[in-house]
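If you want the building blocks of each chain, they are given just below.
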Amino acid sequence: MAGTAGTAEGAATATSVASSALSGGPAEPPPHGLGVSLPAADADAKTQGTYPYAADLWAEGLLWAAVLRSPHPHARILSIDTAEAARMPGVRAVVTHKDVPGDAAHGRRVADRPVFASDLVRHHGEPIAAVAADHPDTARLAAAAIAVEYEPLEPVTDPEQAFSAEPLHPDGNLIRHIPLSFGDPEATGEVVVEGLYRIGRQDPAPIGAEAGLAVPRPDGGVEIYTASTDPHADRDLAAACFGLEPERVKVVVTGVPGAMGDREDPGMQLPLGLLALRTGHPVKLAATREESFLSHPHRHPTLLRYRHHADADGKLVKVEAQILLDAGAYADSSSDALAAAVAFACGPYVVPHAFVEGWAVRTNNPPSGHVRGEGAMQVCAAYEGQMDKLAARLGLDPAELRLRNVMATGDLLPTGQTVTCPAPVAELLRSVRDFPLPALPVDDPEEQWLLPGGLDGAGEPGAVRRGVGYGLGMVHMLGAEGTDEVSTATVKVTGSVATVICAAVETGQGFATLARQIVQEILGLEEVHIAPVDTDQPPSGPGAHSRHTWVSGGAVERAARMVRTQLLQPLAHQFGMSTELLTIADGKITSYDGVLSTTVAEALDGKELWATAQCRPHPTEPLDDTGQGDAFVGIAFCAVRAVVDVDIELGSVRVVEMAVAQDVGRVLNPRQARARIEAGITQGVGAALTENLRTTGGLVRRPDLTGYSLPTSLDTPDIRIVKLVEERDVVAPFGAKAISAVPVVTAPAAVAAAVRAATGRPVNRLPIRPQAAVGAGAV
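Cut-offs applied
- Residues numbered from 1 in each chain as written.
- Predicted model: local features only at pLDDT ≥ 70, side-chain atom pairs only at ≥ 80, totals over all residues.
- Heavy atoms only, no water.
- Phe/Tyr/Trp six-rings, centres within 6.5 Å; stacked < 30°, edge-to-face > 60°.
- Buried < 20%, exposed > 50% of the residue type's maximum accessible area, 1.4 Å probe, protein only.
- Patch = residues over 30% accessible without salt bridge, like charges linked within 9 Å, V, L, I, M, F, W, Y side chains within 5 Å.
- Areas by Shrake-Rupley, 256 points an atom, 1.4 Å probe, with all protein chains shown as cover.
- Salt bridge = Lys/Arg side-chain N within 4 Å of Asp/Glu carboxyl O.
- Lys, Arg positive; Asp, Glu negative; His and termini not counted.
- Charge placed at Lys NZ, Arg CZ, Asp CG, Glu CD.
- Helix = DSSP H or I, 4+ residues; strand = E, 2+ residues; numbered from the N terminus.
- Pairing = 2+ DSSP bridges.
- Axes fitted to C-alpha atoms, helices over the stretch in contact; angles between N-to-C directions.
- Contact = heavy atoms within 4.5 Å.
- Parallel < 35°, antiparallel > 145°, perpendicular 65-115°, else oblique.
- Left-handed = near helix turned anticlockwise from the far one by under 90°.
- Nonpolar A, V, L, I, M, F, W, Y, C, P; charged D, E, K, R; others polar.
- Core = buried A, V, L, I, M, F, W, Y, C linked by side-chain atoms within 4.5 Å.
- Expected span 1.5 Å × (residues − 1).
- Bend = angle between axes of the 7 residues up to and from the residue.
- Polar contact = N/O pair within 3.5 Å; in protein donor to acceptor, adjacent residues only side chain to side chain.
- Right-handed = clockwise from strand over helix to strand, strands pointing away.

Let us now look at the packing of aromatic side chains. In this structure the tally under the stated criterion is 6 aromatic pairs. Taking 5.0 Å as the distance between ring centres and 75 degrees as the angle between the ring planes, the aromatic pair formed by tyrosine 51 and tyrosine 53 counts as edge-to-face. Using a relative accessible area of 25% as the deciding quantity, one classes tyrosine 53 as partly exposed.

Given below as C-alpha cells:
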C-alpha cells in the first residue's frame with residue numbers, strides 16, 4: 001500500500017545509511033514498522049530464483065499428469081474408452097468420473113461442477129479424464145488416446161436465451177435473481193437518458209499457469225502442494241471428493257505466481273490427488289497456457305440496460321437498471337458478483353429512487369468467477385457512461401455533473417445500508433480534476449511513436465483527437481451478505497526474533513510484508529519471520545477483497561499485543577509502573593523516565609512467549625427479496641481521470657495518462673501501495689482496450705497470449721497518484737482500506753469516458769473496439 005512519496009522516502013533513507021557508513025560512523029538501523037516502505041518479504045528469493053513455485057517442485061518417484069478436456073462446449077457423452085491409454089508403456093493410471101470415491105461435484109458456493117464430466121459436457125475444456133505416467137509426454141499422448149464418443153448438442157451461448165432454453169444443469173439455468181427496490185417507482189426526472197452496455201470476458205492471465213504436486217501419505221491420505229489462496233476451503237473440497245476425512249488431506253501453499261483473488265482451479269488439484277491416491281506415487285501437473293485459459297474462471301461477461309432520470313440542474317432523481325451476468329457453465333462465485341453489481345449499480349452517487357434487477361445465468365460459455373472487482377467493474381463502466389450522457393444532454397462539464405451528485409459519509413446505498421465509513425468522493429474527484437493536464441505531443445517525426453498505434457501503426461497526426469474522461473468507482477471490502485469473516489494468527493518471540501504463524505496466503509498483495517511490519521511496530525523487533533502456510537494451521541479464509549489486510553492483519557496485531565503484554569507486565573510490576581509507561585523500540589525496552597533500560601532478549605531470559613488471537617469484523621446480512629440489507633463491512637472509493645489520444649480514422653487509442661486519487665484509510669507501506677495502484681490501473685487499461693477472451697459458439701478462440709492481448713509496458717500510460725486520502729476507517733485494524741481492486745474497477749470507465757470525449761461517440765462496449773472510436777458522433 002503506498003503513497004506518492006514512498007520512493008523518495010526510501011531513497012532518502014538509503015542515502016543517509018550509505019553516507020553514515022562512508023563517513024566511518026555507525027550505520028543507522030533500517031526503518032521498520034507501519035508506514036515504512038519495507039521491502040517485500042519474498043523479494044530476495046524471487047530475484048535470486050529460489051522462490052518455491054509449484055511448477056518447480058520435485059519428489060522421489062514422481063509421475064506426471066495430463067488431463068483430457070472436452071473439445072465441445074455442449075455435448076452428450078455416449079462412451080469413454082480408456083483401454084488403449086491404459087495399455088501404453090509408462091502409463092500408471094487413468095481415472096474418470098467412475099473413479100471418484102466421494103462427492104462427484106464441487107464448487108465454492110454451489111457444488112454443481114463435476115470433477116470429471118460423466119453424462120454431459122457443459123463448456124469447452126471441461127475435464128473428462130486424467131492420466132498419470134512416468135514422463136509428461138507419455139501422459140499427454142495417453143490422454144489423447146482416450147476414446148470419447150460425443151453427441152454434440154446446440155450450445156446456449158447468449159445469456160438472454162438462457163431464460164427460455166432447456167436446463168443445462170439439474171439446478172436450472174438461473175443461478176440468482178435480485179430485484180432491488182428503493183424509493184418511489186413513480187418518480188421521474190425532467191431529463192432521461194438510456195443506454196445499453198456490454199462488458200467482455202477478462203481473464204486473470206496469471207504470469208505462472210496453474211501447477212501442483214500431490215503426494216500420498218502413509219495413512220492413506222494425500223498432501224497437495226499448490227498455489228492455493230484459500231487452502232482450508234480447498235482441503236475440505238478435496239477431502240469430500242476423495243471420500244476422506246479432512247485431517248487426512250493437507251494442502252501446502254507454494255509460491256503464488258500472480259493472483260487476482262481465488263486463482264486456483266480445483267479442477268486441476270482434484271485429478272492430481274486422485275492419481276496420487278490411485279498410484280501411490282507423487283504426481284505433478286503443470287498446466288499449459290491453453291489449459292489455464294480453458295479451465296479457470298474469468299470475469300463475468302455482462303449485459304447492462306440503464307435509464308437515468310435527473311432534474312434540470314443535473315441532480316439524479318431515479319436510476320433504473322437491468323444487469324445480466326453470464327456465469328458460464330457453473331455457479332462458482334456468481335451469486336456474490338451479482339450482489340455487488342446490483343448494490344453498486346448506481347455508483348458512488350446519491351440516488352433517491354433506484355430499481356435494479358439483476359440475474360446470473362448458466363450458459364455453455366467458459367466458466368466465470370472471482371476476478372478482482374467482480375460485479376463492481378461492470379456496473380461502473382455502465383453508470384459512468386450514463387453520467388457522460390447526462391452531462392452532454394444538460395450541457396454540463398462531466399466532472400461538475402458528478403460533483404453535484406457524489407455521496408458522502410452518512411448517505412444511503414440503494415440497498416438501504418448507511419455508508420458509515422469515510423467516503424471522500426468529492427475530494428477525490430476534485431483532486432484529479434484539478435491536476436495539471438499532460439502536454440500535447442510535439443508535431444515532430446521523432447515524436448510519432450507517441451501517436452496511437454505507435455510508429456508503425458500511426459496514421460496522420462491531423463486525425464488524432466485528445467479526450468479527457470472521468471471515472472468514479474467503489475468496491476466492498478471483505479466478504480458480504482453474512483459471510484463469517486474470521487482469521488487466526490499466532491505470534492511467537494524467542495530471543496530477539498519473532499515468528500508469525502497465519503494461514504493468510506501471500507498472493508502478491510503484500511500480506512507477508514505487512515505482518516512483519518505489524519510485529520515490528522508493536523514489539524520493536526526488526527527480525528520477523530513468516531511461517532509457511534498449510535492446513536495444519538487454523539484457517540484464515542480466502543485472499544480476496546483485501547480481507548487479509550483487515551482480518552488477518554487484525555489477528556496478527558492482537559496476537560502481537562498479547563505477547564507485548566506478557567513481556568512487559570513482569571517488568572512493570574517490578575518497577576511499580578503500568579505497561580503503558582514502557583516502550584519497545586529497536587529491540588530495547590525503556591521506561592518513560594529512563595530508569596528501566598534493557599533488551600527484549602534480556603527480558604525474556606531464555607523464555608519463549610507466544611499468543612494466538614482471532615479477528616472477526618462486525619457481521620453483515622444477506623440482501624432480502626427487495627435487495628435491501630446491510631450486506632457490506634466497508635467500502636473503498638477511487639477517482640480516475642484518463643487522458644487519451646484517439647486516431648479517429650484508424651480507431652486506435654493511446655492512453656496518455658491516468659491521474660488517480662483514492663481513499664486508503666491509512667498508508668501502511670508506501671511503496672507497496674503505489675505498486676498495487678499502478679498494477680490495478682494497468683489491469684483496468686487492459687480491460688478497457690485489449691483484454692477479451694473471445695468465443696465462437698462457445699469455443700474459445702486462440703487461448704494463448706497471442707490471441708489474448710495483455711497490455712505491455714508500451715501500453716501502460718503515465719500513472720499519476722495525485723492524492724491518497726488517509727481518513728482512517730475506525731472499525732478497521734490500522735484504519736486501512738482496500739487498495740488494489742478499486743483502481744481496476746474505475747480505470748476502464750475513465751478510459752471509455754475519455755474516448756467518448758475525444759470522438760463524441762457512445763462507446764458502450766468494453767474492450768473498446770476500433771470501429772467504436774472511428775469518426776465523430778454525438779453521445
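The next thing to look at is a negative patch on the surface. Together, Glu621, Asp624, Asp625 and Asp630 make up a region of like negative charge exposed at the surface. Structurally, glutamate 621 can be placed in the loop between strand S25 (608-615) and strand S26 (632-647). By relative accessible area, glutamate 621 is classed as partly exposed at 37%.

In spatial order, the strands read S21-S20-S19-S25; together these 4 strands make up an open sheet with mixed pairing. With one partner strand each, in any of the chains shown, strand S21 (527-530) and S25 form the two edges of the open sheet. Sheet twist, expressed as the mean angle between neighbouring strand axes with direction ignored, is 20 degrees. The pairing of strand S19 (residues 487-494) with S25 spans 8 bridges and is classified as antiparallel. Looking across to S25, one finds that threonine 494 is bridged to glutamate 608. Seen against the sheet, helix H14 (residues 547-574) touches S19, strand S20 (497-502) and S25 and runs at an angle of roughly 145 degrees to S25.

Here the focus is the packing of helix H5 (residues 231-242) against helix H6 (residues 266-279). Viewed as axis vectors pointing N to C, H5 and H6 meet at an angle of 50 degrees, and their least axial separation amounts to 10 Å. It follows from the interaxial angle that H5 and H6 lie oblique. Our pair here, H5 against H6, has a crossing hand that is right-handed. Of the residues in H6, those touching H5 at Asp234, Leu237, Ala238, Cys241 and Phe242 are Pro266, Gln269, Leu270, Gly273, Leu274 and Leu277. Of the residues that constitute the contact of H5 with H6, the class distribution is 8 nonpolar, 2 polar and 1 charged.

Turning to the sheet that holds strand S18 (residues 464-480), a few remarks are in order. Strand order in the open sheet made by the 4 strands is S18-S26-S27-S30, with mixed pairing throughout. Looking at strand neighbours, the two that pair on one side only are S18 and strand S30 (718-725), the edges of this open sheet. Adjacent strand axes in the sheet meet at a mean angle of 20 degrees, parallel and antiparallel pairs treated alike. Across the sheet, helix H11 (residues 425-434) touches S18, S26, strand S27 (653-663) and S30, and the angle it forms with S26 is around 20 degrees.

Moving on: the nonpolar core. Core analysis: the biggest nonpolar cluster contains 153 residues, and Tyr306, Phe637 and Val751 have the highest contact counts within it. Leu237, Leu244, Leu270 and Leu272 belong to the second largest nonpolar core, which has 28 residues in total.

Take H14 next. Taking 1.5 Å of rise per residue, the 28 residues of H14 would be expected to cover 40 Å, and the 40 Å separating its terminal C-alpha atoms lies within 8% of that figure. The largest bend along H14 reaches roughly 35 degrees and is located at leucine 568, with the proline proline 570 sitting one to four residues downstream. Once H14 finishes, glycine 576 follows within two positions and takes phi at roughly 65 degrees, a positive value.

The next thing to look at is the side chain of threonine 620. With respect to the helices, strands and loops of the structure, threonine 620 is situated in the loop between S25 and S26. For threonine 620, a relative accessible area of 14% corresponds to the buried category. Polar side-chain contacts of threonine 620 include one of 3.5 Å to the backbone nitrogen of glutamate 481.

Turning our attention to unusual backbone geometry. Going from leucine 766 to proline 767, the amide bond is cis rather than trans, its omega being -5 degrees. Mapped onto the secondary structure, proline 767 falls in the segment after strand S31 (765-766). If you check the backbone angles, alanine 205 has positive phi at about 45 degrees while not being a glycine. Relative to the helices and strands, alanine 205 resides in the loop between strand S10 (191-199) and strand S11 (211-216). For aspartate 605, which is not glycine, the phi torsion reads 55 degrees and is therefore positive. The class for aspartate 605 is exposed, based on a relative accessible area of 63%.

The next point concerns the pairing of strand S12 (residues 222-226). When you tally the buried positions in S12, you get 4 out of 5 residues, the bulk of the element. The sheet contact formed by S11 and S12 spans 5 bridges and is antiparallel. Of the residues in S12, the one forming a bridge with glycine 212 is threonine 226. Hairpin remark: S11 followed by S12, antiparallel, with 5 residues in the connecting loop; positive phi at glycine 220, about 90 degrees. Pairing analysis gives 5 bridges linking S12 to strand S13 (residues 249-253), with the strands arranged parallel. The residue of S13 that forms the bridge with tyrosine 225 is valine 252. At this point the chain moves from S12, through H5, to the parallel S13, and the crossover so formed is right-handed.

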